[in-house]
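These are the residues of each chain, in order.
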Amino acid sequence: MDIRVKKEAPDLLKTKPDENSLGFGQHMTDHMFVMLYDEGIGWHDAAVQPYENFSLDPAAMVLHYGQAIFEGLKAYRGNDDKIYLFRPTENLKRMNASAARMCMPEIPVDAVYDALKKLVALDKDWVPRADGATLYIRPTMVASEAGLGVRPSRQYIFFIINCPVGAYYPEGFNPVKIFVTDKYVRAVAGGVGNVKTAGNYAASIMAAVEAQKLGYTQVLWLDAIERRYIEEVGTMNIFFLIGDELITPPLTGSILPGITRDSVLRLTKDWGLKVSEKRITIDEVLAANEKGNLREIFGTGTAAVISPVGEINYKDQICTINNGKTGELSQKLFDELQAIQNGSSADPYGWVVEV
Ligand SMILES: *Cc1c(COP(=O)(O)O)cnc(C)c1O
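Figured I'd write up the structure that's included with this text.

Criteria and thresholds
- Residues numbered from 1 in each chain as written.
- Predicted model: local features only at pLDDT ≥ 70, side-chain atom pairs only at ≥ 80, totals over all residues.
- Heavy atoms only, no water.
- 1 Å grid on protein atoms, 1.4 Å probe; cavity = no way out; pocket = protein on both sides within 12 Å on 5 of 7 lines; lining within 4 Å.
- Points joined across faces, edges and corners; volume = space filled by probe spheres on them.
- Helix = DSSP H or I, 4+ residues; strand = E, 2+ residues; numbered from the N terminus.
- Buried < 20%, exposed > 50% of the residue type's maximum accessible area, 1.4 Å probe, protein only.
- Pairing = 2+ DSSP bridges.
- Near = heavy atom within 4 Å.
- Polar contact = N/O pair within 3.5 Å; in protein donor to acceptor, adjacent residues only side chain to side chain.
- Areas by Shrake-Rupley, 256 points an atom, 1.4 Å probe, with all protein chains shown as cover.
- Sits in = over half its atoms within 2 Å of the grid points.
- Phe/Tyr/Trp six-rings, centres within 6.5 Å; stacked < 30°, edge-to-face > 60°.
- Lys NZ or Arg CZ within 6 Å of the ring centre and 35° of its normal.

### So, the layout of surface pockets
For step 1, the next point in the chain: The space that makes up the largest pocket amounts to roughly 1,100 Å³.
For step 2, the next point in the chain: Phe24, Tyr168, Thr235, Ala303 and Ala304 are the residues nearest the centre of the largest pocket, which is lined by 48 residues in total.
For step 3, the next point in the chain: Of all the elements in the fold, those that place two or more residues in the lining of the largest pocket are β7 (134–143), α4 (198–213), β10 (218–222), α5 (259–270) and β15 (294–301).
For step 4, the next point in the chain: Here the lining of the largest pocket takes 7 residues from α4, the largest share from any one element.

Listed below in structure tokens is the structure:
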């Protein structure tokens, strides 16, 4: 596939934001990647080009029936000032799994990977230098055909946009408080919980808003059928260190297969920990805490990498984990993943690629 590159005119380049107050997803870079799909033709008109608005027909199918999928990954500035990506082709492969589930066309992984690198290279001055700050990369696909019949669209837009984001924990780890909801559910096997499709996030907002009103930053989701088995926390996978065993729920169809989750499983197994992917109920977690065996809980995801959990609330029972402090394993995993990502630690798994 031929990728055109059209650079923004020098006098139209944006003023870059202050690296110390980036927040998340506020400032888009100068360029974007776009390609179009038409049934019978395939992907075409691929271009790295100046960031600009789209023109969409108000009847575009994504606006009505939500055929929309996305990914999230990051570019890091290494200690050597070079720019790196972490397991980027895993994100593109997962995007194709999402596409298949949503009856959307697959993307050509090699060509899109090439485009992604071209885009990040062009926007390289946007990759922050501040400690822990990164460039967040958002590949997205939406149905663009105009029409109100419910069926797969025959036209799509695929695009990648980038934004510099600040360190998730600028003042060091601050363990989060999470609210276990038994009122709302996120996903059920057979549904779309195991793919990154926009509707999952729209459906989760109400539970998050209600939890935030009660002073909790995230929601812990239980399974939709028995409302006992732990699934995920917010938009992260979740791990429990109980005694000497590290436990995370298995990928049974309602959980998003996180790349950070996979990396944590790999590291901890290689460190010789006892690691289990198995179903675990909220009652088992509370019982382990009663017995003093619940040592750590943490979430995993690209945005925060590791997010230690300091407190959970289930049916008004408050359970404090590790005195509300960051556990040793959470800290070690965060340090090691960040060190691999910025090149200060060896990368025996070949996870990091230079742009
Ligand atoms: C993206 C996401 C994750 C984390 O995936 P990573 O690949 O580790 O970033 C976990 N759960 C949900 C629901 C997600 O959307």
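### Here we look at the pairing of β7
For step 1, the next point in the chain: Of all 10 residues making up β7, 9 are buried, and the element is well covered by its neighbours.
For step 2, the next point in the chain: In this sheet, β7 lies alongside strand β4 (residues 68–70) in antiparallel orientation, the contact comprising 3 bridges. Residue Ala68 lies in a different strand from β7, and its bridge partner there is Val142.
For step 3, the next point in the chain: Pairing between strand β5 (residues 73–77) and β7: 3 bridges, direction antiparallel. When the sheet's bridge partners are listed, Lys74 is paired in β7 with Tyr136.
For step 4, the next point in the chain: With 10 bridges joining them, β7 and strand β8 (residues 155–165) adopt antiparallel strand pairing. When the sheet's bridge partners are listed, Arg138 is paired in β8 with Ile161.

### Thoughts on the site of the ligand
For step 1, the next point in the chain: Surveying the vicinity of the ligand reveals 14 residues, the closest of which are Lys196, Tyr201, Glu232, Thr260 and Thr302.
For step 2, the next point in the chain: In the environment of the ligand, an oxygen atom lies 2.7 Å from a nitrogen or oxygen atom belonging to the side chain of Lys196.
For step 3, the next point in the chain: At 3.4 Å, a backbone N or O of Thr235 approaches a nitrogen atom of the ligand.
For step 4, the next point in the chain: Out of a free accessible area of 380 Å², the ligand has 95% covered by protein chains.
For step 5, the next point in the chain: Judged by the proximity of its atoms to the pocket grid, the ligand belongs to the largest pocket.

### A closer look at the packing of aromatic side chains
For step 1, the next point in the chain: By the definition in use, this model includes 12 aromatic pairs.
For step 2, the next point in the chain: Members of the aromatic cluster, connected to one another through ring pairs, are Phe33, Tyr37, Trp43, Tyr156 and Phe158.
For step 3, the next point in the chain: The residue whose ring lies beneath Lys177 is Tyr216, and the NZ or CZ to ring-centre distance is 5.2 Å.
For step 4, the next point in the chain: Sitting over the ring of Trp271, Lys332 keeps its end group 4.1 Å from the ring centre.

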